[in-house]
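In case you want the letters, here they are:
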Amino acid sequence: MTLTSPSTAPAARPSETTDPGAWWRHAVIYQIYPRSWVDRDGDGVGDLPGVTARLSYLRDLGVDAVWLSPFYPSPQADAGYDVADYRDVDPLFGTLADADAMFARAHELGLKVIVDLVPNHSSDEHVWFRAAVSAPEGSPERERYIFQNGWGPNGDLPPNNWKSVFGGGAWTRVSEPDGTPGQWYLHLFDTRQPDFNWDSLEVRAEFESVLRFWLDRGVDGFRVDVAHGLVKQAGLPDWGEEQELLGRPEDGDVADQRSGGLDGDAVKGPPMWDQDGVHEIYEQWRKVLDSYGRPDRILCAEAWVEPAERAARYVRPAEMNQAFNFDFLQCPWKAAQLTAVIDHSLAAAGSVGAPSTWVLSNHDVVRHASRLGLSQDERRPNGIGADDVQPDRELGLRRARAATALMLALPGASYIYQGEELGLPDSTDLPDEVRQDPTFVRSRGVELGRDGCRVPMPWTKAGPSLGFGPSEAAWLPQPACYADLAVDQQVGRVGSTLELYRSMLSVRRGHRLGEGSLRWLEAYADQPDVVAFANDGAQGSVTVVTNLGATFVSPPVGTVLLSSDELDAAGGIPTDTTVWVRS
Ligand code: NOJ
(Lines give C-alpha, C1' and ligand atoms only; values in the text may rest on other atoms or scores of the structure.)
Protein backbone atom coordinates (compact mmCIF):
# COMPACT_ATOMS: atom_id res chain seq x y z
CA MET A 1 0.00 0.00 0.00
CA THR A 2 1.33 3.46 -0.83
CA LEU A 3 1.14 6.66 1.11
CA THR A 4 -1.32 9.36 0.22
CA SER A 5 0.10 11.39 -2.64
CA PRO A 6 1.10 14.99 -2.05
CA SER A 7 -1.79 17.37 -1.68
CA THR A 8 -2.22 20.00 -4.34
CA ALA A 9 -4.30 22.94 -3.12
CA PRO A 10 -5.49 23.04 0.48
CA ALA A 11 -9.21 22.37 0.89
CA ALA A 12 -11.64 25.22 1.63
CA ARG A 13 -10.45 27.42 4.47
CA PRO A 14 -12.56 27.04 7.61
CA SER A 15 -13.85 30.58 7.44
CA GLU A 16 -15.71 29.58 4.29
CA THR A 17 -17.55 26.81 6.03
CA THR A 18 -17.85 27.65 9.71
CA ASP A 19 -18.28 30.53 12.14
CA PRO A 20 -15.34 32.79 11.30
CA GLY A 21 -15.29 34.21 14.83
CA ALA A 22 -14.53 30.76 16.20
CA TRP A 23 -11.59 29.95 13.92
CA TRP A 24 -9.32 29.44 16.93
CA ARG A 25 -11.40 26.54 18.27
CA HIS A 26 -10.07 24.25 15.55
CA ALA A 27 -7.16 26.12 13.97
CA VAL A 28 -3.68 24.90 13.19
CA ILE A 29 -1.22 27.58 14.28
CA TYR A 30 2.39 27.59 13.10
CA GLN A 31 5.02 28.98 15.46
CA ILE A 32 7.63 31.12 13.79
CA TYR A 33 10.76 31.68 15.84
CA PRO A 34 11.83 34.86 14.01
CA ARG A 35 15.54 34.51 14.81
CA SER A 36 15.64 31.23 12.92
CA TRP A 37 13.09 31.21 10.12
CA VAL A 38 14.37 33.37 7.25
CA ASP A 39 17.27 35.83 7.27
CA ARG A 40 16.67 38.43 4.58
CA ASP A 41 19.60 40.76 5.27
CA GLY A 42 22.31 38.14 5.74
CA ASP A 43 23.36 39.04 9.29
CA GLY A 44 22.80 35.49 10.49
CA VAL A 45 19.61 36.26 12.41
CA GLY A 46 16.15 35.86 10.89
CA ASP A 47 14.01 38.96 10.37
CA LEU A 48 10.50 40.19 9.60
CA PRO A 49 11.09 40.94 5.90
CA GLY A 50 12.23 37.31 5.69
CA VAL A 51 9.00 36.16 7.31
CA THR A 52 6.91 38.24 4.91
CA ALA A 53 8.76 36.87 1.90
CA ARG A 54 8.10 33.26 2.85
CA LEU A 55 4.53 33.42 4.18
CA SER A 56 3.20 31.80 1.02
CA TYR A 57 5.03 28.62 2.12
CA LEU A 58 2.67 28.52 5.09
CA ARG A 59 -0.39 29.15 2.94
CA ASP A 60 0.71 26.17 0.83
CA LEU A 61 1.37 24.09 3.93
CA GLY A 62 -2.24 24.70 4.89
CA VAL A 63 -2.10 26.29 8.35
CA ASP A 64 -4.60 28.88 9.59
CA ALA A 65 -2.40 31.22 11.59
CA VAL A 66 1.10 32.10 12.68
CA TRP A 67 2.38 32.89 16.14
CA LEU A 68 5.64 34.82 16.23
CA SER A 69 7.99 34.70 19.20
CA PRO A 70 9.08 38.20 20.32
CA PHE A 71 10.61 40.63 17.84
CA TYR A 72 10.58 43.71 20.11
CA PRO A 73 13.61 45.82 21.05
CA SER A 74 15.63 43.73 23.45
CA PRO A 75 19.22 43.12 24.49
CA GLN A 76 18.42 39.47 23.65
CA ALA A 77 19.51 38.16 27.04
CA ASP A 78 16.75 35.56 26.66
CA ALA A 79 16.35 35.59 22.89
CA GLY A 80 13.86 38.44 22.98
CA TYR A 81 11.80 37.29 25.99
CA ASP A 82 13.47 40.24 27.71
CA VAL A 83 11.58 43.16 26.21
CA ALA A 84 12.98 46.69 26.44
CA ASP A 85 10.14 48.38 24.54
CA TYR A 86 6.75 46.76 24.03
CA ARG A 87 5.74 49.09 21.19
CA ASP A 88 8.50 48.72 18.63
CA VAL A 89 10.58 46.24 16.61
CA ASP A 90 14.23 45.47 17.31
CA PRO A 91 16.48 46.62 14.43
CA LEU A 92 17.77 43.04 14.42
CA PHE A 93 14.37 42.00 13.06
CA GLY A 94 13.42 45.13 11.11
CA THR A 95 11.12 48.07 11.73
CA LEU A 96 7.55 48.71 12.78
CA ALA A 97 6.78 49.25 9.08
CA ASP A 98 8.16 45.74 8.41
CA ALA A 99 5.81 44.36 11.06
CA ASP A 100 2.86 46.14 9.45
CA ALA A 101 3.84 44.80 6.05
CA MET A 102 4.10 41.30 7.49
CA PHE A 103 0.64 41.51 9.10
CA ALA A 104 -0.83 42.81 5.84
CA ARG A 105 0.74 40.05 3.74
CA ALA A 106 -0.43 37.37 6.17
CA HIS A 107 -3.98 38.68 6.01
CA GLU A 108 -3.82 38.84 2.23
CA LEU A 109 -2.96 35.12 2.28
CA GLY A 110 -5.79 34.33 4.71
CA LEU A 111 -3.46 33.75 7.67
CA LYS A 112 -4.16 35.15 11.16
CA VAL A 113 -1.27 36.63 13.14
CA ILE A 114 -0.65 36.11 16.84
CA VAL A 115 2.13 38.02 18.57
CA ASP A 116 3.91 37.20 21.79
CA LEU A 117 3.25 39.31 24.87
CA VAL A 118 5.68 39.10 27.79
CA PRO A 119 3.95 40.62 30.84
CA ASN A 120 5.65 38.81 33.74
CA HIS A 121 8.95 40.63 33.35
CA SER A 122 10.70 43.19 31.19
CA SER A 123 14.32 43.58 30.21
CA ASP A 124 16.63 45.36 32.62
CA GLU A 125 17.04 47.84 29.76
CA HIS A 126 13.36 48.83 29.86
CA VAL A 127 13.07 52.53 30.62
CA TRP A 128 10.96 51.75 33.70
CA PHE A 129 13.58 49.45 35.17
CA ARG A 130 16.39 51.90 34.53
CA ALA A 131 14.33 54.56 36.27
CA ALA A 132 13.64 52.18 39.16
CA VAL A 133 17.32 51.47 39.70
CA SER A 134 18.16 55.19 39.73
CA ALA A 135 15.26 56.06 42.03
CA PRO A 136 15.34 55.68 45.81
CA GLU A 137 13.78 52.94 47.92
CA GLY A 138 10.03 53.46 48.30
CA SER A 139 9.75 55.57 45.12
CA PRO A 140 6.89 55.15 42.61
CA GLU A 141 9.50 54.00 40.07
CA ARG A 142 10.41 51.01 42.27
CA GLU A 143 6.73 50.21 42.81
CA ARG A 144 6.47 48.92 39.22
CA TYR A 145 8.84 46.03 39.98
CA ILE A 146 9.34 43.84 43.05
CA PHE A 147 12.03 45.49 45.16
CA GLN A 148 12.60 44.37 48.75
CA ASN A 149 15.18 44.83 51.45
CA GLY A 150 17.41 41.86 52.16
CA TRP A 151 17.81 39.96 55.41
CA GLY A 152 20.68 40.13 57.87
CA PRO A 153 22.39 43.08 59.53
CA ASN A 154 23.40 44.65 56.23
CA GLY A 155 20.58 43.29 54.13
CA ASP A 156 23.12 40.98 52.49
CA LEU A 157 20.77 38.02 52.21
CA PRO A 158 18.03 37.86 49.59
CA PRO A 159 14.45 38.53 50.73
CA ASN A 160 13.46 34.87 50.35
CA ASN A 161 14.85 31.59 49.07
CA TRP A 162 13.15 31.50 45.65
CA LYS A 163 15.15 30.05 42.80
CA SER A 164 15.31 31.27 39.23
CA VAL A 165 13.83 29.03 36.54
CA PHE A 166 17.12 29.34 34.68
CA GLY A 167 19.19 28.31 37.73
CA GLY A 168 20.66 30.22 40.67
CA GLY A 169 18.76 32.57 42.96
CA ALA A 170 15.73 34.63 41.94
CA TRP A 171 16.96 37.89 43.49
CA THR A 172 19.67 40.35 42.45
CA ARG A 173 20.91 43.21 44.58
CA VAL A 174 21.26 46.69 43.13
CA SER A 175 23.71 49.41 44.01
CA GLU A 176 21.86 52.46 45.17
CA PRO A 177 22.48 55.74 43.31
CA ASP A 178 25.05 56.69 45.99
CA GLY A 179 27.00 53.48 45.30
CA THR A 180 26.07 51.58 48.47
CA PRO A 181 24.67 48.05 48.24
CA GLY A 182 20.91 48.43 48.21
CA GLN A 183 17.62 46.60 47.72
CA TRP A 184 17.04 43.36 45.88
CA TYR A 185 14.73 42.83 42.91
CA LEU A 186 12.93 39.64 41.97
CA HIS A 187 13.52 37.86 38.66
CA LEU A 188 11.95 34.45 38.23
CA PHE A 189 14.06 34.06 35.09
CA ASP A 190 17.40 35.68 34.25
CA THR A 191 18.83 38.49 36.32
CA ARG A 192 18.25 40.68 33.25
CA GLN A 193 14.49 39.94 33.38
CA PRO A 194 13.07 41.80 36.41
CA ASP A 195 9.51 40.78 37.37
CA PHE A 196 6.83 43.43 37.20
CA ASN A 197 4.72 44.17 40.25
CA TRP A 198 1.18 43.37 39.13
CA ASP A 199 -0.27 45.01 42.24
CA SER A 200 0.68 48.27 40.57
CA LEU A 201 -2.23 49.91 38.74
CA GLU A 202 0.28 51.60 36.48
CA VAL A 203 1.60 48.21 35.32
CA ARG A 204 -1.95 47.02 34.65
CA ALA A 205 -2.82 50.14 32.66
CA GLU A 206 0.43 49.92 30.71
CA PHE A 207 -0.25 46.40 29.48
CA GLU A 208 -3.81 47.21 28.47
CA SER A 209 -2.35 50.03 26.43
CA VAL A 210 0.21 47.65 24.87
CA LEU A 211 -2.60 45.28 23.92
CA ARG A 212 -4.39 48.15 22.19
CA PHE A 213 -1.21 49.22 20.42
CA TRP A 214 -0.93 45.87 18.63
CA LEU A 215 -4.68 45.39 18.19
CA ASP A 216 -4.79 48.78 16.47
CA ARG A 217 -2.11 47.50 14.09
CA GLY A 218 -4.32 44.56 13.19
CA VAL A 219 -3.01 41.53 15.08
CA ASP A 220 -5.44 38.69 15.67
CA GLY A 221 -4.30 37.75 19.13
CA PHE A 222 -1.61 37.26 21.72
CA ARG A 223 0.30 34.32 23.09
CA VAL A 224 0.80 35.31 26.73
CA ASP A 225 4.20 34.37 28.13
CA VAL A 226 4.34 32.92 31.67
CA ALA A 227 0.63 33.65 32.07
CA HIS A 228 0.59 31.83 35.40
CA GLY A 229 3.34 33.95 36.96
CA LEU A 230 2.15 37.54 37.12
CA VAL A 231 0.68 37.53 40.62
CA LYS A 232 2.75 36.29 43.54
CA GLN A 233 1.41 35.13 46.89
CA ALA A 234 1.24 38.00 49.39
CA GLY A 235 4.26 38.14 51.67
CA LEU A 236 6.40 36.16 49.19
CA PRO A 237 6.77 33.14 51.50
CA ASP A 238 9.82 30.91 51.16
CA TRP A 239 9.70 28.14 48.56
CA GLY A 240 13.04 26.49 48.03
CA GLU A 241 12.17 24.00 45.29
CA GLU A 242 14.20 23.99 42.10
CA GLN A 243 12.27 25.76 39.34
CA GLU A 244 11.92 24.55 35.81
CA LEU A 245 10.42 26.15 32.77
CA LEU A 246 8.17 23.25 32.08
CA GLY A 247 7.32 22.18 35.60
CA ARG A 248 7.95 18.60 36.58
CA PRO A 249 4.65 16.80 36.20
CA GLU A 250 6.45 13.47 36.03
CA ASP A 251 7.39 14.07 39.65
CA GLY A 252 3.77 14.79 40.44
CA ASP A 253 4.91 17.96 42.16
CA VAL A 254 2.43 20.78 41.78
CA ALA A 255 -0.71 18.70 41.74
CA ASP A 256 0.38 16.71 44.78
CA GLN A 257 1.49 19.73 46.73
CA ARG A 258 -1.86 21.45 46.49
CA SER A 259 -3.79 21.05 49.68
CA GLY A 260 -6.81 23.19 48.93
CA GLY A 261 -8.41 21.37 46.01
CA LEU A 262 -8.71 22.60 42.46
CA ASP A 263 -10.87 25.59 43.08
CA GLY A 264 -10.70 28.54 45.38
CA ASP A 265 -8.09 30.55 47.21
CA ALA A 266 -6.92 27.94 49.67
CA VAL A 267 -4.73 26.26 47.12
CA LYS A 268 -1.22 25.77 48.49
CA GLY A 269 1.08 25.46 45.55
CA PRO A 270 4.29 27.31 44.73
CA PRO A 271 3.73 30.94 45.77
CA MET A 272 5.01 32.30 42.49
CA TRP A 273 2.77 30.32 40.14
CA ASP A 274 -0.92 30.04 39.36
CA GLN A 275 -2.24 32.37 42.02
CA ASP A 276 -5.94 33.03 41.78
CA GLY A 277 -5.28 36.76 41.38
CA VAL A 278 -4.06 36.31 37.79
CA HIS A 279 -7.56 35.66 36.55
CA GLU A 280 -8.91 39.16 37.07
CA ILE A 281 -6.10 40.43 34.85
CA TYR A 282 -7.22 38.19 32.00
CA GLU A 283 -10.87 39.09 32.54
CA GLN A 284 -9.82 42.68 32.05
CA TRP A 285 -7.83 41.84 28.93
CA ARG A 286 -10.79 39.96 27.50
CA LYS A 287 -12.79 43.17 27.83
CA VAL A 288 -10.05 45.07 25.99
CA LEU A 289 -10.12 42.59 23.11
CA ASP A 290 -13.91 42.49 23.03
CA SER A 291 -14.12 46.27 22.99
CA TYR A 292 -13.09 46.10 19.34
CA GLY A 293 -16.32 44.28 18.49
CA ARG A 294 -14.41 41.46 16.83
CA PRO A 295 -14.99 38.08 18.46
CA ASP A 296 -12.18 36.52 16.43
CA ARG A 297 -9.25 37.95 18.41
CA ILE A 298 -7.69 35.62 20.92
CA LEU A 299 -5.52 35.19 23.98
CA CYS A 300 -3.53 31.99 24.42
CA ALA A 301 -2.00 31.21 27.80
CA GLU A 302 1.47 29.82 28.17
CA ALA A 303 0.83 28.46 31.65
CA TRP A 304 2.79 25.49 32.96
CA VAL A 305 -0.01 24.58 35.33
CA GLU A 306 -1.04 21.22 36.68
CA PRO A 307 -3.49 19.53 36.73
CA ALA A 308 -5.53 20.21 33.57
CA GLU A 309 -8.47 21.46 35.65
CA ARG A 310 -6.31 24.31 36.96
CA ALA A 311 -5.15 25.12 33.41
CA ALA A 312 -8.80 25.17 32.30
CA ARG A 313 -9.45 28.10 34.62
CA TYR A 314 -7.45 30.29 32.20
CA VAL A 315 -9.91 29.53 29.39
CA ARG A 316 -13.17 30.16 31.15
CA PRO A 317 -15.55 32.16 28.94
CA ALA A 318 -14.63 35.58 30.39
CA GLU A 319 -10.86 35.02 30.13
CA MET A 320 -8.58 33.57 27.48
CA ASN A 321 -9.45 31.42 24.47
CA GLN A 322 -6.73 28.81 24.56
CA ALA A 323 -4.03 27.45 26.84
CA PHE A 324 -1.16 25.30 25.61
CA ASN A 325 -1.63 21.67 26.53
CA PHE A 326 1.75 20.78 27.98
CA ASP A 327 0.48 17.52 29.44
CA PHE A 328 0.17 16.25 25.89
CA LEU A 329 3.65 17.53 24.97
CA GLN A 330 5.19 15.85 28.02
CA CYS A 331 3.38 12.54 27.62
CA PRO A 332 5.74 9.63 26.88
CA TRP A 333 5.13 7.53 23.78
CA LYS A 334 2.93 5.02 25.61
CA ALA A 335 -0.58 4.21 24.52
CA ALA A 336 -2.29 4.10 27.90
CA GLN A 337 -0.78 7.42 28.96
CA LEU A 338 -1.61 9.11 25.67
CA THR A 339 -5.20 7.90 25.88
CA ALA A 340 -5.49 9.13 29.45
CA VAL A 341 -3.99 12.55 28.67
CA ILE A 342 -6.22 13.08 25.65
CA ASP A 343 -9.30 12.05 27.60
CA HIS A 344 -8.41 14.22 30.57
CA SER A 345 -7.52 17.24 28.41
CA LEU A 346 -10.79 17.15 26.52
CA ALA A 347 -12.80 16.76 29.71
CA ALA A 348 -11.01 19.58 31.54
CA ALA A 349 -11.23 22.09 28.69
CA GLY A 350 -14.77 20.95 27.87
CA SER A 351 -15.88 21.55 31.46
CA VAL A 352 -15.49 25.30 30.84
CA GLY A 353 -16.71 25.21 27.24
CA ALA A 354 -13.23 25.64 25.74
CA PRO A 355 -11.54 23.62 23.02
CA SER A 356 -8.48 21.64 23.94
CA THR A 357 -5.19 22.51 22.30
CA TRP A 358 -2.41 20.13 21.29
CA VAL A 359 1.29 20.72 20.89
CA LEU A 360 4.35 18.49 20.56
CA SER A 361 7.24 20.91 20.00
CA ASN A 362 8.18 24.53 20.60
CA HIS A 363 11.27 26.69 21.15
CA ASP A 364 11.64 25.55 24.78
CA VAL A 365 11.80 21.77 24.44
CA VAL A 366 13.78 19.13 22.59
CA ARG A 367 11.99 18.64 19.25
CA HIS A 368 9.67 15.66 19.23
CA ALA A 369 11.58 13.98 16.40
CA SER A 370 14.49 13.73 18.85
CA ARG A 371 12.57 13.35 22.10
CA LEU A 372 10.71 10.31 20.83
CA GLY A 373 13.96 8.74 19.71
CA LEU A 374 15.11 8.52 23.33
CA SER A 375 14.08 6.02 25.98
CA GLN A 376 10.52 6.77 27.02
CA ASP A 377 11.23 5.72 30.60
CA GLU A 378 13.65 8.56 31.30
CA ARG A 379 12.95 12.13 32.25
CA ARG A 380 12.65 14.49 29.28
CA PRO A 381 16.05 16.23 28.86
CA ASN A 382 16.59 20.00 28.73
CA GLY A 383 18.87 19.88 25.69
CA ILE A 384 21.01 17.06 24.32
CA GLY A 385 24.79 17.37 23.96
CA ALA A 386 27.41 15.41 22.06
CA ASP A 387 28.37 13.47 25.22
CA ASP A 388 24.79 12.44 25.98
CA VAL A 389 23.00 9.34 24.80
CA GLN A 390 21.99 10.22 21.26
CA PRO A 391 18.40 9.89 20.05
CA ASP A 392 17.70 7.13 17.53
CA ARG A 393 16.97 9.39 14.56
CA GLU A 394 15.05 6.91 12.47
CA LEU A 395 12.89 5.78 15.36
CA GLY A 396 12.36 9.36 16.53
CA LEU A 397 11.20 10.51 13.12
CA ARG A 398 8.90 7.56 12.63
CA ARG A 399 7.27 8.16 16.01
CA ALA A 400 7.16 11.92 15.45
CA ARG A 401 5.21 11.40 12.22
CA ALA A 402 2.83 9.03 13.97
CA ALA A 403 2.45 11.38 16.94
CA THR A 404 1.68 14.35 14.72
CA ALA A 405 -0.83 12.30 12.73
CA LEU A 406 -2.48 11.44 16.02
CA MET A 407 -2.43 15.07 17.15
CA LEU A 408 -3.79 16.57 13.95
CA ALA A 409 -6.76 14.21 14.00
CA LEU A 410 -7.85 15.35 17.45
CA PRO A 411 -10.69 17.83 17.90
CA GLY A 412 -9.48 21.25 18.98
CA ALA A 413 -6.61 23.50 17.92
CA SER A 414 -3.06 22.37 17.23
CA TYR A 415 0.23 24.22 17.34
CA ILE A 416 3.16 23.21 15.18
CA TYR A 417 6.68 24.52 15.59
CA GLN A 418 8.72 25.67 12.62
CA GLY A 419 10.73 22.88 11.07
CA GLU A 420 8.76 20.02 12.56
CA GLU A 421 7.04 19.74 9.18
CA LEU A 422 10.49 18.77 7.86
CA GLY A 423 11.02 16.22 10.63
CA LEU A 424 13.94 18.24 11.97
CA PRO A 425 15.75 16.73 14.94
CA ASP A 426 17.46 18.87 17.57
CA SER A 427 21.05 19.80 16.95
CA THR A 428 22.90 17.60 19.42
CA ASP A 429 26.47 18.63 18.67
CA LEU A 430 26.49 22.35 19.42
CA PRO A 431 29.82 23.37 20.95
CA ASP A 432 29.48 25.04 24.35
CA GLU A 433 30.93 28.30 23.09
CA VAL A 434 28.01 28.92 20.70
CA ARG A 435 25.27 28.22 23.24
CA GLN A 436 23.17 31.28 24.03
CA ASP A 437 20.41 30.04 26.31
CA PRO A 438 20.84 31.73 29.72
CA THR A 439 19.96 28.40 31.31
CA PHE A 440 23.33 27.02 30.19
CA VAL A 441 25.28 29.80 31.85
CA ARG A 442 23.17 30.13 35.01
CA SER A 443 23.19 26.38 35.65
CA ARG A 444 26.96 26.31 34.96
CA GLY A 445 26.39 23.92 32.09
CA VAL A 446 24.42 21.38 34.12
CA GLU A 447 21.41 22.13 31.92
CA LEU A 448 22.37 22.45 28.25
CA GLY A 449 19.21 24.41 27.57
CA ARG A 450 17.15 25.11 24.51
CA ASP A 451 19.55 26.11 21.73
CA GLY A 452 19.34 22.70 20.07
CA CYS A 453 15.73 23.24 18.98
CA ARG A 454 16.32 26.82 17.84
CA VAL A 455 18.79 26.27 15.02
CA PRO A 456 17.98 28.12 11.73
CA MET A 457 15.68 26.43 9.19
CA PRO A 458 17.13 24.64 6.16
CA TRP A 459 15.33 25.81 3.02
CA THR A 460 17.71 24.48 0.36
CA LYS A 461 20.30 21.73 0.32
CA ALA A 462 22.79 23.90 -1.55
CA GLY A 463 23.73 27.48 -0.91
CA PRO A 464 24.97 29.38 2.10
CA SER A 465 23.30 28.63 5.46
CA LEU A 466 21.10 26.07 3.68
CA GLY A 467 18.96 28.85 2.22
CA PHE A 468 18.28 30.44 5.62
CA GLY A 469 19.86 33.66 4.37
CA PRO A 470 22.04 35.05 1.60
CA SER A 471 25.27 34.61 3.59
CA GLU A 472 27.03 31.80 5.42
CA ALA A 473 26.11 33.42 8.72
CA ALA A 474 23.73 31.60 11.03
CA TRP A 475 23.46 32.60 14.71
CA LEU A 476 23.63 28.90 15.62
CA PRO A 477 25.41 26.42 13.33
CA GLN A 478 23.14 24.06 11.42
CA PRO A 479 23.91 20.34 11.81
CA ALA A 480 25.06 18.43 8.73
CA CYS A 481 21.89 16.32 8.67
CA TYR A 482 19.73 19.41 7.98
CA ALA A 483 20.89 19.56 4.32
CA ASP A 484 18.93 16.47 3.24
CA LEU A 485 15.92 17.63 5.24
CA ALA A 486 15.74 21.04 3.54
CA VAL A 487 12.42 22.20 2.12
CA ASP A 488 13.62 21.85 -1.48
CA GLN A 489 14.51 18.20 -0.83
CA GLN A 490 11.04 17.38 0.45
CA VAL A 491 8.57 19.45 -1.49
CA GLY A 492 6.69 17.31 -4.01
CA ARG A 493 8.41 14.08 -2.86
CA VAL A 494 5.88 11.39 -2.02
CA GLY A 495 6.39 10.15 1.50
CA SER A 496 8.44 13.12 2.68
CA THR A 497 7.55 14.55 6.06
CA LEU A 498 6.69 17.89 4.48
CA GLU A 499 4.22 16.26 2.11
CA LEU A 500 2.79 14.19 4.94
CA TYR A 501 2.08 17.43 6.85
CA ARG A 502 0.52 19.00 3.77
CA SER A 503 -1.70 15.96 3.29
CA MET A 504 -2.68 15.86 6.94
CA LEU A 505 -3.58 19.54 7.01
CA SER A 506 -5.56 19.26 3.81
CA VAL A 507 -7.51 16.18 4.92
CA ARG A 508 -8.03 17.66 8.39
CA ARG A 509 -9.49 20.78 6.83
CA GLY A 510 -11.61 18.93 4.31
CA HIS A 511 -13.07 16.65 6.99
CA ARG A 512 -13.25 19.43 9.56
CA LEU A 513 -11.51 17.23 12.11
CA GLY A 514 -10.72 20.16 14.39
CA GLU A 515 -14.45 20.69 14.88
CA GLY A 516 -15.39 17.05 15.44
CA SER A 517 -15.90 15.15 18.66
CA LEU A 518 -13.91 12.19 19.91
CA ARG A 519 -15.31 8.70 20.55
CA TRP A 520 -12.96 5.96 21.81
CA LEU A 521 -13.19 2.75 19.79
CA GLU A 522 -14.26 -0.27 21.81
CA ALA A 523 -13.01 -2.57 19.06
CA TYR A 524 -9.41 -1.87 20.09
CA ALA A 525 -10.00 -1.76 23.85
CA ASP A 526 -8.21 -5.07 24.42
CA GLN A 527 -5.06 -3.89 22.62
CA PRO A 528 -2.94 -2.11 25.21
CA ASP A 529 -0.47 -0.63 22.72
CA VAL A 530 -3.06 1.02 20.52
CA VAL A 531 -4.69 4.44 20.66
CA ALA A 532 -7.92 4.30 18.63
CA PHE A 533 -10.77 6.75 18.31
CA ALA A 534 -13.34 8.06 15.88
CA ASN A 535 -13.53 11.75 15.13
CA ASP A 536 -17.23 12.35 14.46
CA GLY A 537 -18.00 15.55 12.64
CA ALA A 538 -20.19 17.36 10.19
CA GLN A 539 -18.51 15.48 7.32
CA GLY A 540 -18.98 12.02 8.86
CA SER A 541 -16.55 9.92 10.88
CA VAL A 542 -12.85 9.46 10.49
CA THR A 543 -11.29 6.61 12.42
CA VAL A 544 -7.79 7.11 13.75
CA VAL A 545 -5.58 4.28 14.94
CA THR A 546 -2.03 4.61 16.27
CA ASN A 547 -0.08 1.43 16.80
CA LEU A 548 2.67 1.76 19.41
CA GLY A 549 3.12 -2.01 19.81
CA ALA A 550 5.58 -4.44 18.26
CA THR A 551 3.10 -6.34 16.09
CA PHE A 552 0.91 -5.33 13.18
CA VAL A 553 -2.60 -4.16 13.98
CA SER A 554 -5.56 -4.54 11.63
CA PRO A 555 -6.87 -1.24 10.36
CA PRO A 556 -10.54 -0.34 10.72
CA VAL A 557 -12.85 -1.00 7.80
CA GLY A 558 -13.06 1.85 5.30
CA THR A 559 -10.98 3.91 2.94
CA VAL A 560 -7.49 4.82 4.07
CA LEU A 561 -7.17 8.61 3.90
CA LEU A 562 -3.55 8.64 4.94
CA SER A 563 -0.99 6.91 7.06
CA SER A 564 2.11 8.31 8.73
CA ASP A 565 4.26 5.58 7.18
CA GLU A 566 3.69 2.71 4.73
CA LEU A 567 1.17 0.08 5.74
CA ASP A 568 2.15 -3.51 5.05
CA ALA A 569 1.05 -5.19 1.83
CA ALA A 570 -2.00 -6.67 3.52
CA GLY A 571 -2.94 -3.31 5.00
CA GLY A 572 -1.72 -3.98 8.56
CA ILE A 573 -0.65 -1.01 10.63
CA PRO A 574 3.03 -1.42 11.58
CA THR A 575 4.72 -0.28 14.77
CA ASP A 576 4.75 3.47 15.41
CA THR A 577 2.30 4.29 12.67
CA THR A 578 -0.96 6.23 12.63
CA VAL A 579 -3.65 5.69 10.06
CA TRP A 580 -6.74 7.78 9.22
CA VAL A 581 -9.63 5.81 7.75
CA ARG A 582 -12.89 7.09 6.37
CA SER A 583 -15.60 4.73 7.60
C1 NOJ B 1 8.54 31.12 28.24
C2 NOJ B 1 9.18 31.29 26.91
O3 NOJ B 1 8.61 30.37 26.01
C4 NOJ B 1 10.66 31.05 27.12
O5 NOJ B 1 11.35 30.96 25.91
C6 NOJ B 1 11.18 32.18 27.98
O7 NOJ B 1 12.54 31.94 28.27
C8 NOJ B 1 10.42 32.25 29.29
N9 NOJ B 1 9.00 32.16 29.10
C10 NOJ B 1 10.70 33.55 29.99
O11 NOJ B 1 10.11 34.61 29.29
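Preceding block: the structure.
First, a word on scope: everything that follows refers to the structure included in this document. What you are looking at is a predicted structure, and each value in this text was computed from that prediction instead of being measured.

## Some thoughts on the pairing of strand β1 (residues 28-32)
Taken across its 5 residues, β1 has 5 buried, putting it largely inside the fold. Because side chains alternate across β1, one face comprises the buried residues V28, Y30 and I32, and the other comprises I29 and Q31, equally buried. For β1 and strand β11 (residues 413-417), the ladder comprises 4 bridges, and the chain directions are parallel. Across the sheet, residue V28 finds its bridge partner in β11, namely S414. In this fold, β1 hands off to helix α1 (residues 48-61), which returns the chain to strand β2 (residues 65-68); that crossover is right-handed.

## A short note on the pattern of salt bridges
Using the criterion set out here, one finds 37 salt bridges in the structure. With a shortest N-O distance of 3.2 Å, D78 and R450 are connected by a salt bridge. Here D78, found in the loop between β2 and α2 (96-108), pairs with R450, found in the loop between α13 (438-442) and α14 (487-490); they are 372 residues apart in sequence, far enough to count as distant. Across the pair, exposure class does not vary: D78 and R450 are buried alike. When the shortest N-O distance is used, the salt bridge between R105 and E108 registers 2.6 Å. Separated by 3 residues within a single helix, R105 and E108 lie in helix α2, roughly one turn from each other. Using a relative accessible area of 27% as the deciding quantity, one classes R105 as partly exposed. Several salt bridges converge on common partners, so that one network encompasses D78, D364, D437, R450 and R454.

## Thoughts on the packing of aromatic side chains
Summed over the entire model, instances satisfying the criterion amount to 31 aromatic pairs. Look at Y282 and W285: their rings are 5.3 Å apart centre to centre, the planes differ by 75°, and that puts the pair in the edge-to-face class. Of this pair, Y282 and W285 both sit in helix α7 (residues 278-290), 3 residues apart, which is roughly one turn of that helix. On the accessibility criterion, Y282 (0% relative accessible area) is buried. Plain terms: the ring middles of F324 and F326 are 5.6 Å apart, the flat faces sit at 40° to each other, and that makes the pair tilted. When its relative accessible area of 6% is taken as the criterion, F326 is described as buried. A connected cluster of aromatic rings, assembled from ring pairs, spans Y86, W128, F129, Y145, F147, Y185, F196, W198, F207, Y282, W285 and Y314.

Calculation criteria
Residues numbered from 1 in each chain as written. Predicted model: local features only at pLDDT ≥ 70, side-chain atom pairs only at ≥ 80, totals over all residues. Heavy atoms only, no water. Buried < 20%, exposed > 50% of the residue type's maximum accessible area, 1.4 Å probe, protein only. Helix = DSSP H or I, 4+ residues; strand = E, 2+ residues; numbered from the N terminus. Pairing = 2+ DSSP bridges. Right-handed = clockwise from strand over helix to strand, strands pointing away. Salt bridge = Lys/Arg side-chain N within 4 Å of Asp/Glu carboxyl O. Phe/Tyr/Trp six-rings, centres within 6.5 Å; stacked < 30°, edge-to-face > 60°.

It is worth stressing that arrangement in space is one thing and function is another; only the former is reported here.
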